[in-house]
Amino acid sequence: MKAIPRQKPIFRFAPSPNGPLHLGHALSAILNHDMAKQADGRFLLRIEDIDQARCTPDFEAGIFADLAWLGLTWEEEVRRQSLHFPAYQTALQSLIERDLVYPAFLTRGEVKARVAVGEADGIPWPRDPDGTPLYPPDDRARSNEERKRLLAASLKHTWRLDVDKAIAAVGEPLHWHESGDGERGDIIADPAAWGDVVLSRSDAPSSYHLSVVVDDAAQGITHVVRGLDLFHATSIHRLLQALLGLPEPLYHHHRLILGEDGKKLSKSQGDTGIAEWRRQGWSPLELRGRIGL
Ligand code: GLU
């Protein structure tokens, strides 16, 4: 009898080239790289550049330079999301055909106004785990005729997941296996907490949530290692995986690196950028020390 070859674990680091990488990215990249090595697995790189207005070739070049300086190596070829829009469109189309998404026409201003009116009587509007108000029900409630009419008028719109319908379509509770620095073990997914998330933007034919699940499947990712700020987003990722028939990776959400002010690092904080550390003459080893490795 032939032995079935064991599938190698596959890890990925998936930065967006919309700013310089900071120390939190360094932690993510190093953990993915080292965990892959330890597991005799593969380490892939993915450039998450669906936001063509904010992503630039310079930031992308900076990512490669920073990772190389850290001493990391990754496999060719690098997956670039902007080259895979048709794959995300196919996934979206399958959800349109199953009536699990709807075109959403409210502008940011209209949403804000709806929330303000809703909160005027003192009842707080429901918010997602990141604190953003859930999308109002107006567009979800439209008839198919009305949707067709609005789409035919070429009004600017996104496509949103009807999360209640989607949960019902899956029909069973969703979980994921977590081994990170926060809650661990079997985690019960709560996609409803996010409301009707955007799956396709008005300025790009996809969204973070849709692209990330399509890509993790396309790249055969078995282990998703990323910051704890994306822990709750995993609930939506599990729902999309179940809807689209995609495999379920293992998840490891690692601690975040905080700035001097105790706040999460952002790409606009130049002083905590990897490139800035390099310019100031620190070594990669010293940087590892700063991030507790
Ligand atoms: N592109 C995301 C970021 O830069 C990471 C997405 C992920 O690892 O799932 O924060």
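As shown above, the structure is provided for reference.
Here the residue numbering is sequential within each chain, running from 1 through the sequence in written order. Reporting in this predicted model follows two pLDDT cut-offs: at least 70 for local features of residues, and 80 or more for side-chain atom pairs to be given and counted; totals over whole chains, interfaces and linings ignore these cut-offs and use all residues. Hydrogens are left out, water is left out, and the side-chain values use all remaining heavy atoms of the structure.

**Student:** Help me understand the packing of aromatic side chains, please; the structure alone is not making it clear to me.
**Tutor:** A ring pair, where both rings are aromatic, is described by two values, the distance of the centres and the angle of the planes. Ring geometry is summarised as follows: Phe, Tyr and Trp rings, the Trp one being its six-membered ring, pair when their centres sit within 6.5 Å, and such pairs are stacked at plane angles under 30 degrees, edge-to-face over 60 and tilted between the two. Across all of its chains, the model carries five aromatic pairs by this definition. Members of the aromatic cluster, connected to one another through ring pairs, are Trp176, Phe231 and Tyr251. Two conditions define a charge sitting above a ring: the NZ of Lys or the CZ of Arg must be within 6 Å of the ring centre, and it must be within 35 degrees of the ring normal. Arg160 extends its terminal NZ or CZ atom over the ring of Tyr135, reaching a point 3.8 Å from the ring centre.

**Student:** What should I look at first to understand the pairing of strand S9 (residues 223-227) in this one?
**Tutor:** Walk down a regular strand and you will see the side chains alternate between the two sheet faces. Any residue under 20% of the maximum accessible area for its type is buried, any over 50% is exposed, and the rest in between are partly exposed; the area is computed with a 1.4 Å probe on protein chains only. Secondary structure elements follow DSSP: runs of H or I of four or more residues count as helices, runs of E of two or more count as strands, with numbering from the N terminus. The element S9 is extensively covered by neighbouring structure, given that four of its five residues are classed as buried. Between any two strands, pairing holds if DSSP finds at least two bridges. Pairing of S9 with strand S10 (residues 250-254) involves five bridges; the strand directions are parallel. Along S10, the bridge assignment pairs Val225 with His252. Here the term right-handed applies to a crossover when the path leading from its first strand over the helix to its second strand runs clockwise, the strands being oriented away from the viewer. You can see the chain leave S9, run along helix H8 (residues 233-244) and come back into S10, and the turn it takes is right-handed.

**Student:** Looking at this structure, how should I read the site of the ligand?
**Tutor:** Residues in close proximity to the ligand include Arg12, Ala14, Pro15, Ser16, Glu48, Tyr208, Val212, Arg226 and Leu230, which together make up its full environment. Contacts described as polar in this section are N or O atom pairs within 3.5 Å, which, within protein, must combine one atom able to donate a hydrogen with one able to accept it, while residues neighboring in sequence count only if both atoms come from side chains. In the model, a nitrogen atom of the ligand is placed 2.6 Å from a nitrogen or oxygen of the Glu48 side chain. In the model, an oxygen atom of the ligand is placed 2.9 Å from a nitrogen or oxygen of the Tyr208 side chain. Per-residue and other accessible areas were derived by the Shrake-Rupley procedure at a 1.4 Å probe size, with only the shown protein chains allowed to occlude residues. Burial of the ligand by the protein chains amounts to 79% of its free accessible area of 300 Å². Residues are counted as near a molecule or strand when any one of their heavy atoms sits within 4 Å of it.

**Student:** Whenever I open this one, the environment of Asp128 confuses me. Can you help?
**Tutor:** Here Asp128 shows up in the loop between helix H4 (108-119) and helix H5 (144-152). Its relative accessible area of 14% is what places Asp128 among the buried residues. The sequence separation of Asp128 and Gly195 amounts to 67 residues, and the corresponding C-alpha distance is 7.0 Å. Contact definition: two residues touch when any of their heavy atoms are within 4.5 Å. When sequence neighbours within four positions are dropped, the list of residues in contact with Asp128 reads Leu134, Ala193 and Trp194.

**Student:** Would you explain helix H6 (residues 163-170) in this entry?
**Tutor:** An α-helical turn contains 3.6 residues, so a residue and the one three or four places further along point in the same direction. If you check which residues of H6 are buried, you get Val163, Ala166 and Val170. Taken down its axis, H6 places every buried residue within 60° of arc, on the same side. In H6, the exposed positions that point more than 90 degrees away from the buried face belong to Asp164 and Ala168. The secondary structure elements touched by the buried residues of H6 are strand S5 (158-161) and H8. Where H6 terminates, the next one or two residues include Gly171, which has phi positive at roughly 75°. The arc in question is the one spanned by the directions pointing from the helix axis to the C-beta atoms.

**Student:** Honestly, the side chain of His237 in this entry has me stumped. Any pointers?
**Tutor:** Structurally, the position occupied by His237 is in helix H8. By relative accessible area, which is 1% here, His237 ends up buried. There is a polar contact of 3.0 Å between the side chain of His237 and the side chain of His209. A distance of 3.2 Å separates a polar atom in the side chain of His237 from a polar atom in the side chain of Arg226. Setting aside anything within four residues of it in sequence, one finds His237 in contact with Tyr208, His209, Val212, Val213, Arg226 and Tyr251.

**Student:** Help me understand the packing of helix H3 (residues 85-97) against H8 in this model?
**Tutor:** The relative placement of two packed helices comes down to the angle between their axes together with the axis-to-axis distance. Between H3 and H8, the least distance of the axes is 11 Å, while the angle of their chain directions is 75°. Put simply, H3 runs roughly perpendicular to H8. On H8, the residues that touch Ala91, Ser94 and Leu95 of H3 are Leu240, Leu243 and Leu244. As a working rule, the residues Ala, Val, Leu, Ile, Met, Phe, Trp, Tyr, Cys and Pro are called nonpolar, Asp, Glu, Lys and Arg charged, and the rest polar, with Gly in that last group. Grouping the amino acids of the contact of H3 with H8 by side-chain chemistry returns five nonpolar, one polar and no charged. Between N-to-C directions, angles cover 0 to 180 degrees, with each direction set by a line fitted to C-alpha atoms, over the stretch in contact for helices. Each angle receives one of four descriptions, namely roughly parallel if under 35 degrees, roughly antiparallel if over 145, roughly perpendicular if within 65 to 115, and oblique otherwise.

**Student:** Can you help me understand the nonpolar core in this one?
**Tutor:** If you look at soluble globular proteins, the nonpolar side chains tend to sit buried side by side. Definition of nonpolar core: a set of buried residues of the types Ala, Val, Leu, Ile, Met, Phe, Trp, Tyr and Cys, connected through side-chain atoms within 4.5 Å. In terms of nonpolar packing, the biggest core is built from 36 residues, with Leu95, Leu161, Leu199, Leu210, Leu239, Leu240 and Leu243 touching the most fellow members. Elements that contribute at least two residues to this core include exactly H3, S5, H6, helix H7 (208-218) and H8. Broken down by element, this core gets its largest block of residues, six residues, from H8. Among residues more than four places away in sequence, those in contact with Leu95 are Leu100, Val101, Leu199, Leu240, Leu243 and Leu244. Of all hydrophobic cores here, the second largest spans 26 residues; its members include Ala26, Ile30, Ala36 and Trp74.

**Student:** Could you clarify how one ought to interpret the pairing of strand S1 (residues 10-13) in this entry?
**Tutor:** Here S1 shows two buried faces, one formed by Ile10 and Arg12 and the other by Phe11 and Phe13. Sheet topology places S1 next to strand S2 (residues 42-47); four bridges connect them, and they run parallel. For Ile10, the partnering residue across the bridge sits in S2 and is Arg42. In this view, the connection linking S1 to its parallel neighbour S2 by way of helix H1 (residues 23-38) has right-handed handedness.

**Student:** In this structure, what is going on with the sheet that holds strand S4 (residues 101-104)? I would like to understand it.
**Tutor:** Adjacent strands of a sheet form backbone hydrogen bonds with each other and so pair up, either parallel or antiparallel. Taken in spatial order, the three strands of this open sheet run S4-S5-S8, and their pairing is antiparallel. For this open sheet the edge positions go to S4 and strand S8 (198-200), each flanked by a neighbour on one side alone. If you compare each strand with its neighbour and ignore which way they point, the axes differ by 45° on average. Bridging between S5 and S8 involves two bridges; their strand directions are antiparallel. For Trp159, the partnering residue across the bridge sits in S8 and is Ser200.

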